[in-house]
Amino acid sequence: FTPQDMGDWGLSVRAVAWDTFKLEWGPAKRVTVSDAPLVVAFSKPPKIVGDQVALEFDVSNAQPGTVLRLVRSTELPGNWSIDSTAALEELEAGAHYRFTTTRPGGGVCFYKLAAELP
């Protein structure tokens, strides 16, 4: 899909099997085309108190419904997993946030941010 203009578009797909058999059209999905990319970045060094970690970050150009997640690993390179215990706090509406979580076992942990667009 290569849009001609910025704005809202409706997309729908239709499968074709063996270049002959056309299946039904799928449900339409509304997408918004923007020239401004989503930016999610840590804004301060992590604040560590005991086994608690607070990570502040900024978000710009997010669409309504964007889901923010904290992902962690105990080693690099390593397996990254969503930190389901992380609590998200909005510090400035739509722009500045904080994740607060507990380090597993109080040991070394690496964090990164993930955003899922609607």
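Let me sum up the structure you'll find in this document.

Definitions and limits used
Sequence order sets the numbering: in each chain, residues are counted from 1 along the sequence as written. Only residues with pLDDT of at least 70 are given local features in this predicted model, and only at 80 or more are side-chain atom pairs given and counted; all residues enter the totals for whole chains, interfaces and linings. Each side-chain value is worked out from all heavy atoms of the structure, with water and hydrogens disregarded. Being paired, for any two strands, means DSSP has found at least two bridges between them. Segments assigned H or I by DSSP are reported as helices when at least four residues long, segments assigned E as strands when at least two residues long, and all are numbered from the N terminus. Throughout, exposure labels follow a simple rule: accessible area from a 1.4 Å probe, protein chains only, divided by the maximum for the residue type, with under 20% read as buried, over 50% as exposed, and the rest as partly exposed. Aromatic pairs are defined between Phe, Tyr and Trp rings, using the six-membered ring for Trp, whenever the two ring centres lie within 6.5 Å; interplanar angles under 30 degrees are classed as stacked, those over 60 as edge-to-face, and all others as tilted. Take the buried residues of types Ala, Val, Leu, Ile, Met, Phe, Trp, Tyr and Cys, join any two whose side-chain atoms come within 4.5 Å, and each joined set is a nonpolar core. Pairs of residues are marked as contacts when any of their non-hydrogen atoms sit within 4.5 Å.

What follows concerns the sheet that holds strand E12 (residues 110-116). With respect to topology, three strands assemble into an open sheet ordered E9-E8-E12, the strand pairing being antiparallel. One side of each edge strand has no neighbouring strand; the edge strands of this open sheet are strand E9 (81-82) and E12. Here strand E8 (residues 67-73) runs beside E9; their pairing, made up of two bridges, is antiparallel. Its bridge partner being in E9, arginine 72 is matched across the sheet by serine 81.

This part is about the pairing of strand E3 (residues 21-25). For E3, the tally of buried residues reaches only zero of five residues, placing the bulk of the element at the surface. Taken together, the three bridges between strand E2 (residues 14-17) and E3 define a ladder with antiparallel strand orientation. Each bridged residue has a counterpart across the sheet, and for valine 16 the counterpart in E3 is lysine 22. Taking the residues between adjacent antiparallel strands as the criterion, E2 and E3 are bridged by three residues, where tryptophan 18 takes a positive phi near 55°.

Inspection of the entire model under this criterion finds three aromatic pairs. Their ring planes at 90° and their centres at 6.2 Å tell us that tryptophan 18 and phenylalanine 21 sit as a pair that is edge-to-face. With a relative accessible area of 72%, tryptophan 18 lands in the exposed category. With centroids separated by 5.6 Å and ring planes inclined at 20°, the aromatic side chains of phenylalanine 57 and tyrosine 97 adopt a geometry described as stacked. Of this pair, phenylalanine 57 sits in strand E7 (residues 52-60) while tyrosine 97 sits in strand E11 (residues 96-102), and the two are 40 residues apart along the sequence. Here phenylalanine 57 falls in the buried class, since its relative accessible area comes to 0%. Judged by its relative accessible area of 12%, tyrosine 97 falls in the buried class. One aromatic cluster is present, built from ring pairs that chain together Phe57, Tyr97 and Phe99.

Turning our attention to the nonpolar core. Nonpolar side chains in soluble globular proteins tend to end up buried together. Among the nonpolar cores identified, the biggest contains twelve residues, and these are Val53, Leu55, Phe57, Val59, Leu68, Leu70, Ala86, Tyr97, Phe99, Cys109, Tyr111 and Leu113. Elements that contribute at least two residues to this core include exactly E7, E8, E11 and E12. Ignoring any residue separated from it by four or fewer positions in sequence, one finds cysteine 109 in contact with Arg72, Ser73, Thr74 and Pro104.

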